[in-house]
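# Structure at a glance
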Amino acid sequence: MRLRTGGQIDRDTTISFRFDGQYYKGHPGDTLASALLANGVRLMGRSFKYHRPRGVLTAGSDEPNALVELRSGGRQEPNTRATVIELFDGLRAEPQNAWPSLKFDALAINDRLSPFLTAGFYYKTFMWPAAFWEKLYEPIIRRAAGLGSITTKPDPDAYDKGFLHCDLLIIGAGPSGLMAALTAGRAGARVILADEDFRMGGRLNAETFAISDMAGSAWAAQAVAELTTLSNVRLMPRTTVFGAFDHGIYGAVERVSDHLPTPQDGKPRQTLWRIYTKRTLLCAGALERPIAFANNDRPGIMTASALRAYVNRWAASPAETVAVFTNNDDGHRTAADLIAKGVKVVALIDTRADAPKPAGTELIAGAQVIDTSGRLGLAGITVKLANGQTRKLAVGALGVSGGWNPNVAMTCHQRGRPAWDDSIAAFIPAGDLPQGMTIAGAAEGQFSTHAALAGGATKAAQALNDLGITTTKPDLPQAEDAPTKITPFWHVRGDKRAWLDFQNDVTVKDVKLAHQEGFRSVEHLKRYTTLGMATDQGKTSNMGGLAVMAELTGQTIAQTGTTMFRPPYTPVAMGVLAGRSTGTDFRPTRLTPSHHWAKEQGAVFVEVGMWLRAQWFPRPGEKTWRESVDREVRATRNSVGVCDVTTLGKIDVQGVDAAEFLNRIYCNAFAKLPVGRVRYGLMLREDGIAYDDGTAARLAEDHFVVTTTTANAVAVYRHMEFARQCLWPDMDVQLISTTEAWAQYAIAGPNARKLLQKIVDPAFDISNDAFPFMACAEITVCNGCPARLFRISFSGELAYELAVPTRYGDALIRRIMAEGAEFDVTPYGTEALGVMRIEKGHAAGNELNGQTTALNLGMGRMVSDKKDSIGAVLSRREGLTMPDALRLVGFRPKNPQTRIPAGAHLLEKGAAMVVANDLGYVTSACYSPTLESYIAIGFLKNGQARMGETLRAASPLTGEDVEIEIVSAHFVDPEGERLRA
Amino acid sequence: MIINHPLLGPCDAQEFVYKGDASLIDRPDGMADGTDAAFYDYAYLRDNPAGEHRELWYHEQGDRSWLVVTRNTVTHEITSVELARDVARSMGRSR
């Protein structure tokens, strides 16, 4: 019900929202939880395992119970805590984990089965047979358990990432955080003040304390107003700092648009901030813990501080008559605040016999709540009095206070282990704190408002002093300074189930069972019972579980230990972690210089690394990709073809020692390569395995251009820099990647020279004598355009690669096509390129697969033993040079029209398809239009000695089993006459 | 993590590519007699300390320096950052 006055809500504005199919009214300033309570709705969800009716337990981000599905369609968001959803007009939320309805949930039968569903239930029940797991157990469990469901529609909203830097990050804008921000902000330091709430002030907004002569919430608003005027202070409400990472880096999520029906134009829904800090002050406050007693999970039972927060901040009371159950003085505040607001508090039940006397309600001292009643919401409680008699009280809500836990989560993110403090019966931060972090206020165990204000000011001053920034001590406002009075009390003894972890449905009985079965260490307890393993990370439950275990083992809580808190502090949406890196924006797309031209030609593109390359160029009438590819191959071999090879990595190598450097990078010799010549080079890894191949062209004594494969361009450059800086630091050699600087085209086929002669400026003689196979030169084309020409061939044809500065790449392809019209020049894509290199027997990525050596590739003799090069020593290892080592060979099917499956393994005729009979494997296969037959290349044991033999290529994956003949891998022009023509 | 680059100052570790143990600088001479064993150690054997570790990082999204970073593998504390080239020279590597 909504109280007639009070609360930090805008009563002049009424907004409408829907929950579980019903429409309700609320006000700006409400959360979904406060608005539902104001409308008399206590039942908000069903529990995870037993499907018990549940309402709110808290009023903040520590909420374990009131999880709802927010919004719909692509924006549907499961497991959203009703306690932190800021109400907006038109909000729609649905309960989850309930079928067919929230009020009647069929799986509430689990609650009756609870004797079977105790801790370790899965481990014990579903042990075997193993095959049942996937098909039977898991689907049943997944349907029965689990929380909300995710949408499969794409999220229509954008998420951003950003970076922030500051002198002092203050986490939490309660009294200590605000006082710290005022102190640091006034001193001119760069300050970030982040708070997960939409209204800064922390508990000040939920309490009735006065600060100086004003309400606490008014003082907070005044402090925020002053901070807003300071340009060096960045206020970040709706921002959860979720993790403390190495070296003072913090992760934070700002919910930019979650409080709006849809984001404003151009605004993200959320922003992930990476905050680089010099110092951090944790002012995260404290979280109240419940007491476990029988049936303590009914809707209407909540922490005492939540009850008073709903009444004070939102003027919403879950019921007309309430009671409070406490073991400490703070519970009395709840009773007093509620009485002051006109809520009927029928009794204050205090476990302490010597509890102070409250005004306006009956004190039942030395008593315990031993049971509750009410099917879908609390109707009554049973109290066991000090004299052993029981008494029933009719109440619609019960506030429970078991004391406060300093919010130490963030202090544990870098190995901090909290220490037990008897004076407040709670853990306080201790151990290795994140770099630069100090703690103030309730998070440090300083629970009074005065101590929080003083701690914020002092700790901020200390942090800035470390940085050499002088602060002025602020005048501290007057505030309450009550001592913490608590007698620890964790759970009421009894036979019925008493909940510790509400989200994962873990009861005191489960902890007892874990103890009985030997799972006594904190970490075992956690994993066996799932205590604290839900999305709330046990913020309200871990302490209770530890206390029960301590009691069972006869140890103190300090001896029992504590579990680690890990990032994120509260759940973080995957969307904001991905940011803009989704779909095609997952990574950059690199376009070749001829891309736009190729698109005009209707090319089909393929992703190669980040590049988009033309795969083939379909022509009208061609029905299959094979028709296009076969045509491109034939046209190239018969006349001339052109292919964009810009994507190959290009590394410029310059310096007096350039040749000697390449001599050590490549396994074959480079020192004596003449200027104006190109050589094929094979790089090995230091373990002797082939790494990458390409060509090195010597443009001058001290200048080479090296090419790498497209896929390895970045890694090879990194590897060469490693060799240059770390292995031979005094060599005079410089490297620079020029992959993007040059557009490069392969022009291949018998008419390649004739075509090029129309493009290359006449001053340059490219006749066979002047510019033979493996020649290179810096030339000009198209009347003065600088260019590089390499006479190299991947296709096996008379071929050149022509490079021009990238900005001329588009013009050059158009020029080549225009000048080549008379030869019917044909553009070819990566498929035809692949077919021609297989026909020629050139190794590529399929062959340089990280398992093969130069010997395997048929290039064993290239590895020079006259020089020290990377990988040479280990390439000569016994294991890599066995007589029956794999050799690269070619395969032809007995029937030319039978496909050879790539990846097939080689077997003798009649041999069983088992590993022991394995003779090698097929790496690359294609249809060769030149040979009018399927062909393949691959590795065969002792292959060089088996030419002409017949084997089988069998694929257990596709079921194909093909008879093949072993042939040379060089199907086309094995003598190399064409490329020297 | 933040790596304090000797030339460029503090840089986020995301700008770097990690390689591994800085002992990779100490490559044996491939032309020495019986160098196989030395190369086996070099290629395959690494210490895996819980504590201080000297390791190679490459500033790929930066100036392309290889750095030797001394980092505590338990706490991630970085106690020194040097140019790998200087380290290599100090170990007697040259050409």
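Above this note sits the structure.
Now for a quick tour of the structure. None of these values were measured; they are calculated from a predicted model.

Residues and elements named next belong to chain A. Within strand S48 (residues 933-941), eight of the nine residues are buried, which leaves it mostly tucked inside the rest of the structure. Taken together, the six bridges between strand S45 (residues 886-893) and S48 define a ladder with antiparallel strand orientation. Bridging across to S48, Leu886 finds its partner in Lys941. When strand S47 (residues 920-928) meets S48, the two strands line up antiparallel, connected through eight bridges. Considered in S48, the bridge of Ala925 is made with Ala936. In this structure, the hairpin formed by S47 and S48 is closed by a connection of four residues, where Glu932 is found at a positive phi of approximately 50°.

What follows is about the sheet that holds strand S21 (residues 368-373) of chain A. Residues and elements named next belong to chain A. Strand order in this open sheet of three strands is S21-S22-S23, and the pairing throughout is antiparallel. Of all the strands in the sheet, just S21 and strand S23 (390-394) have a single pairing partner and so form its edges. Neighbour-to-neighbour, the strand axes of this sheet turn through a mean angle of 25°, independent of strand direction. When S21 meets strand S22 (residues 380-384), the two strands line up antiparallel, connected through five bridges. Looking at S22, one finds that Ser373 is bridged to Gly380.

Tallying each qualifying case throughout the model produces 20 aromatic pairs over all chains. Ring geometry for A:Phe293 versus A:Phe325: centroids 5.5 Å apart, planes at 70°, classification edge-to-face. You can see A:Phe293 sitting in the loop between strand S16 (286-288) and strand S17 (301-303) and its partner A:Phe325 sitting in strand S18 (residues 321-326), a full 32 residues away along the chain. Relative accessible area serves as the criterion here: at 0%, A:Phe293 is assigned to the buried category. The structure contains a cluster of three or more aromatic residues connected by ring pairs, namely A:Phe722, B:Tyr58 and B:Trp66. The aromatic ring of A:Tyr569 is capped on one face by A:Lys539, whose charged end is 4.4 Å from the ring centroid. Note that A:Arg664 overlies the ring of A:Trp728, its terminal NZ or CZ placed 5.0 Å from the centroid.

On to the side chain of A:Arg46. Residues and elements named next belong to chain A. When you line up the elements, Arg46 lands in strand S3 (residues 45-46). Of the polar contacts made by the side chain of Arg46, one reaches the backbone oxygen of His51; its length is 2.9 Å. A polar atom in the side chain of Arg46 sits 3.1 Å from the backbone oxygen of Lys103. Ignoring sequence-local partners within four residues, the contact set of Arg46 consists of His51, Arg52, Pro53, Gln96, Asn97, Ala98, Leu102, Lys103, Phe104, Asp105, Ala108 and Leu376.

Rules of the game
Residues numbered from 1 in each chain as written. Chains lettered and ligands numbered in written order. Predicted model: local features only at pLDDT ≥ 70, side-chain atom pairs only at ≥ 80, totals over all residues. Heavy atoms only, no water. Buried < 20%, exposed > 50% of the residue type's maximum accessible area, 1.4 Å probe, protein only. Helix = DSSP H or I, 4+ residues; strand = E, 2+ residues; numbered from the N terminus. Pairing = 2+ DSSP bridges. Axes fitted to C-alpha atoms, helices over the stretch in contact; angles between N-to-C directions. Phe/Tyr/Trp six-rings, centres within 6.5 Å; stacked < 30°, edge-to-face > 60°. Lys NZ or Arg CZ within 6 Å of the ring centre and 35° of its normal. Polar contact = N/O pair within 3.5 Å; in protein donor to acceptor, adjacent residues only side chain to side chain. Contact = heavy atoms within 4.5 Å.

Remember that the coordinates give geometry; whether it matters functionally is a separate question.
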